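# Residue-level structure breakdown
Each chain, letter by letter, is given below.
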Amino acid sequence: MRTEFSASELTGAKFTDVKMVDAKLTMTDLRKTVFENCTFNGVDFKYCDLRGLSLNGLAFIGVKFDGAALNEVTFKGATLRNVSFRPAFALTNKNYLAMKTINFDGAMMDKLTYAALKGLGVNFDLSKVTII
């Protein structure tokens, strides 16, 4: 609760059955971090490196991914409510291609999150997403 990780490397860390509330992760390397059965409520992932991470089946409520590297991240079966995704810089071809690799198959999300993803201008495949 209200924890801050700044410029940290959490390689090999494993978070199981954790409920993060109002936490801030800034410029943190999470590429080899494991999250199992976790809930994120009001968490900010600012400029974090989440490339290749499996966030399948997790719950995200009021979460911000501001400038986070999300290449090949999977949200399969995850629940997303009031979640925002903001690229680090202008949506260049490189950023567009990186964002396009995010997988939302089987995810459940509210209309606000769905509309925000559509509004990014990235052609996400949201055909297998359930609106809640």
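Bear in mind the structure is a predicted one, so any value in this text is a computation, not a measurement. (Residues numbered from 1 in each chain as written. Predicted model: local features only at pLDDT ≥ 70, side-chain atom pairs only at ≥ 80, totals over all residues. Heavy atoms only, no water.)

Now for the sheet that holds strand β6 (residues 39-41). The sheet built from six strands is open, its strands ordered β3-β6-β8-β10-β12-β13 with parallel pairing. With one partner strand each, in any of the chains shown, β3 (19-21) and β13 (130-131) form the two edges of the open sheet. Note that strand β12 (residues 108-109) and β13 share two bridges and pair parallel. Within the sheet, the bridge partner assigned to M109 lies in β13 and is I131. (Pairing = 2+ DSSP bridges. Helix = DSSP H or I, 4+ residues; strand = E, 2+ residues; numbered from the N terminus.)

Counting 38 residues, the largest nonpolar core has L50, F60, F65, F75, F85 and F104 as the members making the most contacts within it. Those residues within four positions of F65 in sequence are excluded, and the remaining contacts are F45, L50, F60, L70, F75, V83, S84, F85 and R86. (Core = buried A, V, L, I, M, F, W, Y, C linked by side-chain atoms within 4.5 Å. Buried < 20%, exposed > 50% of the residue type's maximum accessible area, 1.4 Å probe, protein only. Contact = heavy atoms within 4.5 Å.)

Let us look at the pattern of salt bridges. In total, this model carries five salt bridges according to the counting rule given. One salt bridge in this structure joins R31 and D29, with 2.7 Å as the shortest N-O distance. Accessibility expressed as a relative area gives 18% for D29, which makes it buried. Residue D49 pairs with R51 through a salt bridge whose shortest N-O separation is 2.6 Å. Overall, the relative accessible area of 37% leaves R51 in the partly exposed class. When salt bridges that share partners are traced, they join D29, R31, D49 and R51 into one network. (Salt bridge = Lys/Arg side-chain N within 4 Å of Asp/Glu carboxyl O.)

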